[in-house]
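Summary of the model geometry
Single-letter residue listing:
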Amino acid sequence: MSSTAELVGHVTSGIFPDEHTPLMAQTWLHEGDDITHDHTFVEMAVVLKGTAVHRTIYGDQRIGAGDAFVVVPGAWHAYVQSRHLLVYNLLLGIELLQRELAWTREDPLMNYLLWTGPAETERRGIMRLALSRPMLRRARTLLDAVGQSTQAAASSNRAEQIGRLLLFLSAMAQQLDRRDVAVRKAPQQHDAVVRGVRLLENDLAKCWTLSTLSEQLDIDDSYLVRLFKRSTGLSPIAYLARARAERAAVMLLRTDLPIADIAADVGWHDPNYFARRFKSHFKIAATEYRRHFAHGTG
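Figured I'd write up the structure that's included with this text. Keep in mind that what you see is a predicted model, and the values were worked out from it rather than measured.

**Some remarks on the packing of helix α9 (residues 236–254) against helix α11 (residues 271–282)**
- Viewed as axis vectors pointing N to C, α9 and α11 meet at an angle of 95 degrees, and their least axial separation amounts to 10 Å. Relative to α11, α9 is oriented roughly perpendicular. Mapping the contact onto sequence places A241, R242, A245, E246, A248, A249 and L252 in α9 and F274, R277, F278, H281 and F282 in α11.

**As for helix α6 (residues 191–202)**
- Helix length check: α6, at twelve residues, gives a terminal C-alpha distance of 17 Å against a target of 16 Å (1.5 Å per residue), a fit within 8%.
- Those residues of α6 not exposed but buried are A192, V193, V194, G196, V197 and L200.
- Buried residues along α6 sit against α7 (210–217), α8 (221–232) and α9.

**Quick notes on the nonpolar core**
- The biggest cluster of nonpolar side chains holds 38 residues, and the ones touching the most others in it are M44, L90, L92, L113, F168 and L169.
- Listed in part, the 18 residues of the second largest apolar core include W76, L253, I262 and V266.

**Describing the packing of aromatic side chains**
- According to the stated counting rule, one finds five aromatic pairs in the structure shown.
- Summarising the aromatic geometry, the rings of W268 and Y273 are spaced 6.3 Å apart at their centres and angled 85 degrees between planes, so their arrangement reads as edge-to-face.
- When its relative accessible area of 31% is taken as the criterion, Y273 is described as partly exposed.
- Considering the side-chain rings of F274 and F278, the 5.8 Å spacing of their centres and the 40 degrees angle between planes classify their relative orientation as tilted. Of this pair, F274 and F278 both sit in helix α11, four residues apart, which is roughly one turn of the helix.
- Its guanidinium or amino end placed over the ring of W115, R105 lies 3.6 Å from that ring's centre, counting from NZ or CZ.
- Above the face of the W208 ring, K206 is positioned so that its terminal group lies 4.3 Å from the ring centre.

**Considerations on the pattern of salt bridges**
- Summed over the entire model, instances satisfying the criterion amount to eight salt bridges.
- The partner of E100 in a salt bridge is R158, and the shortest N-O contact between them spans 2.5 Å. Separated by 58 residues along the polypeptide, E100 in the loop between α1 (94–98) and α2 (108–119) and R158 in helix α4 (residues 158–179) bring together distant segments of the chain.
- The class of E100 is partly exposed, set by a relative accessible area of 23%.

**Quick word on α11**
- Look at α11: 16 Å from first C-alpha to last across twelve residues, which is about the 16 Å you get at 1.5 Å a residue.
- For α11, every residue scored as buried is listed here: F274, F278, H281 and F282. One side of α11 holds all its buried residues, which, seen down the axis, span an arc of 80 degrees. The exposed residues of α11 that point more than 90 degrees off its buried face are N272 and R276.
- Positioned one or two residues after α11, K283 has a phi angle of 60 degrees, which is positive.

**Some remarks on the side chain of H30**
- With respect to the helices, strands and loops of the structure, H30 is situated in strand β1 (residues 23–32).
- The exposure class assigned to H30 is buried, which follows from its relative accessible area of 0%.
- Polar contacts involving the side chain of H30 include one to the side chain of D34, which spans 2.5 Å.

**Section: the layout of surface pockets**
- Within this model, the largest pocket holds a volume of roughly 550 Å³.
- What lines the largest pocket is a set of 26 residues, among which P73, I94, W115, E201 and E246 lie closest to the centre.
- Elements that contribute at least two residues to the lining of the largest pocket include exactly α1, α2, α6 and α9.
- For the lining of the largest pocket, a count of residues per class yields 14 nonpolar, seven polar and five charged.

What counts and how
- Residues numbered from 1 in each chain as written.
- Predicted model: local features only at pLDDT ≥ 70, side-chain atom pairs only at ≥ 80, totals over all residues.
- Heavy atoms only, no water.
- Axes fitted to C-alpha atoms, helices over the stretch in contact; angles between N-to-C directions.
- Helix = DSSP H or I, 4+ residues; strand = E, 2+ residues; numbered from the N terminus.
- Parallel < 35°, antiparallel > 145°, perpendicular 65-115°, else oblique.
- Contact = heavy atoms within 4.5 Å.
- Expected span 1.5 Å × (residues − 1).
- Buried < 20%, exposed > 50% of the residue type's maximum accessible area, 1.4 Å probe, protein only.
- Core = buried A, V, L, I, M, F, W, Y, C linked by side-chain atoms within 4.5 Å.
- Phe/Tyr/Trp six-rings, centres within 6.5 Å; stacked < 30°, edge-to-face > 60°.
- Lys NZ or Arg CZ within 6 Å of the ring centre and 35° of its normal.
- Salt bridge = Lys/Arg side-chain N within 4 Å of Asp/Glu carboxyl O.
- Arc of directions from axis to C-beta.
- Polar contact = N/O pair within 3.5 Å; in protein donor to acceptor, adjacent residues only side chain to side chain.
- 1 Å grid on protein atoms, 1.4 Å probe; cavity = no way out; pocket = protein on both sides within 12 Å on 5 of 7 lines; lining within 4 Å.
- Points joined across faces, edges and corners; volume = space filled by probe spheres on them.
- Nonpolar A, V, L, I, M, F, W, Y, C, P; charged D, E, K, R; others polar.

Dropping the structure here:
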């Protein structure tokens, strides 16, 4: 066992035991204060025992056994004042989500668990769940199975890894189903939204407008806006802005590129405009974000 602080500054390929299936499940013991950090992967953390304060962009929350979190790339957090805090961490590489798990965007519950839920404005990339004791025991059993499969010599074991992972994700998604009526009634994502999200995320630097996106999708502008808002809660352009801000946050922490270059890479070529949009999303200036969190000094 170790502390998640050891993950800071490592690239994804240095974390996952098998590059073919970027997936890992392992327990980590925390004592005292961790380094504030972000990830380039999706983290699902389940607190097994102990207590701590979970520090995130929206403040400090006391946590204990049964608390669980979904943390998306670009969102930062830390466990402080930890006392025997044992956390089961499931790490999902973005490549895995975009490849074998791409269909999760089209499933209402999985989409909410992995994509739209953590991305809602009030969550800022971190979604908290509360697990009952029976669910906590089941979650640990399922995570143990995922962990065992990832420790095997690997690419030939890929189907088993994905299968065990899906059992855990399904259990967590069903937990959402019991807790949130709105999620249960969420409609399946329209194909135009799925394709539109992929187009935007695959080319953030492009000078997207609503018209250029709707033309590529062969769909009416106003109808596309309604579809996006129904599925993501945002218009296509607002969704693009959020994706740009989150990508910029990862680059601020993972590269030494000048902020102006990062701004251009994500499609905001005016540094002043980038500064305003980044601060609007993260409630902190880009320079301060990098200074506080790039080296764990926050």
